[in-house]
Amino acid sequence: MKRRPFIALISFAAALACISSAHADDLYGTIMARKSIRVAVPTDYPPYGSVSTDMQPRGLDIDMATLIGKKLGVKVELIPVTAPNRIAYLQTNKADITISSLGKTAERAKVVDFSIAYAPFFDAVFGTKKVKITGFEDLKGKTISVTRGSMQDQELEQMAPGANVKRFEDNNATLSAFLAGQTQMFATGTTVAAALQKMNPALDMELKVILANAPCYIAMPKGESTLLAKINMIVREARTDGTIDKLSQTWLGAPAGTLPE
């Protein structure tokens, strides 16, 4: 007799868990019923997302959002976000998913779920097309500007020990050295290189070698297993058919290559 209340309590808790799970996994249904998906995207972080001269958002993340909307058969509602609030918008139901050059960390995984990787995030060496570079061995003896103590500085030291590395105290000095012809190449992140190209459209510049790749993931509220499965299916198909490589080539200057699950 004494065990009955305990058993009833366990049954009630299990029922609550089922209800909670069912409630948590309804975002996909909501999106399909609404016929639109709200996507948090950057508009201040080229080449992943920025505002073009016609005041329309453009970039790799924008194209990825468009692809997902097309594959789901729903309208895409782009919601501009910044780095500090791109996860908060999911937690406060202001967006359904976030496509915002977001890296996956253990801390972030506590509050959101991540898709498989959809894009690379390169540290790389850039230079003019006149300088022919096919691999790290070709960097030997070449002059490369880099910001002292940066990740790119450490990566160059490890991967291109024969290069003539000229170190500067900040990013502006690093870029200025290249623009002034003091160095043949420079090492930086893709976003910095893209911003430089945007400010100097006539600049003869291309990606030479990739130093590191920290991929980007799509984030969504935790527990939305149906939506997660659908998004993963779309991304995986785009990786297989070459769409992801084309987007990466267009916006980052190099194919995405092998991305992690």
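Residues numbered from 1 in each chain as written. Predicted model: local features only at pLDDT ≥ 70, side-chain atom pairs only at ≥ 80, totals over all residues. Heavy atoms only, no water.

### Here's the deal with the sheet that holds strand E4 (residues 57–58)
Through backbone hydrogen bonds, the strands of a sheet pair up, either in parallel or in antiparallel fashion. The three strands are arranged E2-E3-E4 in an open sheet whose pairing can be described as antiparallel. Each edge of the open sheet carries a strand with a single partner, namely strand E2 (44–45) and E4. Sheet analysis places strand E3 (residues 49–51) next to E4, joined by two bridges and oriented antiparallel. By the bridge assignment, valine 51 is partnered in E4 with proline 57. (Pairing = 2+ DSSP bridges. Helix = DSSP H or I, 4+ residues; strand = E, 2+ residues; numbered from the N terminus.)

### Remarks on the environment of asparagine 93
With respect to the element layout, asparagine 93 can be found in the loop between helix H4 (88–91) and strand E6 (97–102). A C-alpha to C-alpha distance of 11 Å links asparagine 93 and valine 39, two positions 54 residues apart in sequence. In terms of polar contacts, asparagine 93 uses its side chain to reach the side chain of arginine 38, at 2.9 Å. (Polar contact = N/O pair within 3.5 Å; in protein donor to acceptor, adjacent residues only side chain to side chain.)

### Overview of the pattern of salt bridges
Evaluation of the coordinates by the stated rule reveals ten salt bridges. Notably, a salt bridge pairs glutamate 206 with lysine 208, separated by 2.7 Å at the nearest N-O pair. If you follow the salt bridges from partner to partner, you end up with Arg34, Arg38 and Asp96 in one network. (Salt bridge = Lys/Arg side-chain N within 4 Å of Asp/Glu carboxyl O.)

### Brief notes about the nonpolar core
In this structure, Met64, Ile68, Ile97, Ile99, Tyr118 and Ile218 are the most contacted members of the largest nonpolar core, which totals 57 residues. When residues in this core are grouped by element, the largest group, seven residues, is from helix H3 (residues 60–72). Excluding residues within four positions of it along the chain, isoleucine 99 makes contact with Val39, Ala40, Val41, Pro42, Asp61, Met64, Ala65, Ile68, Tyr118 and Ile218. (Core = buried A, V, L, I, M, F, W, Y, C linked by side-chain atoms within 4.5 Å. Buried < 20%, exposed > 50% of the residue type's maximum accessible area, 1.4 Å probe, protein only. Contact = heavy atoms within 4.5 Å.)

### Regarding the confidence of the model for the chain
Mean pLDDT over the chain: 89, with 91% of residues reaching 70 or higher. At the level of individual helices and strands, the chain shows its lowest average pLDDT in helix H1 (residues 3–24), which scores 47, and its highest in H3, which scores 98. (pLDDT = per-residue confidence, 0-100.)

### A word on the packing of aromatic side chains
Going through the model one piece at a time under the given rule, you end up with six aromatic pairs. Aromatic side chains tyrosine 45 and phenylalanine 121 sit 6.5 Å apart centroid to centroid with 20 degrees between the ring planes, which places their arrangement in the stacked category. Placement of the pair is tyrosine 45 in strand E2 and phenylalanine 121 in the loop between strand E7 (112–119) and strand E8 (122–127), with a sequence separation of 76 residues. The class for tyrosine 45 is partly exposed, based on a relative accessible area of 32%. Ring centres of phenylalanine 114 and tyrosine 217 lie 6.1 Å apart, and the angle between their planes is 75 degrees; on these two criteria the pair is classed as edge-to-face. Here phenylalanine 114 is found in strand E7, whereas its partner tyrosine 217 is found in strand E13 (residues 216–221), with 103 residues between them in sequence. The pair phenylalanine 114 / tyrosine 217 is uniform in exposure class, with both members buried. Taken together, the ring pairs connect Tyr45, Tyr48 and Phe121 into an aromatic cluster. (Phe/Tyr/Trp six-rings, centres within 6.5 Å; stacked < 30°, edge-to-face > 60°.)

### What to know about the pairing of E8
Both faces of the sheet carry side chains from a regular strand, because those side chains alternate between them. Among the six residues of E8, six are classified as buried, and the element is accordingly described as predominantly covered. Taking every second residue as pointing to the same face, both faces of E8 are buried, with Phe122, Ala124 and Phe126 on one and Asp123, Val125 and Gly127 on the other. One ladder, built from six bridges, connects E8 with strand E12 (residues 206–213); its direction is antiparallel. Its bridge partner lying in E12, phenylalanine 126 is registered against leucine 207.

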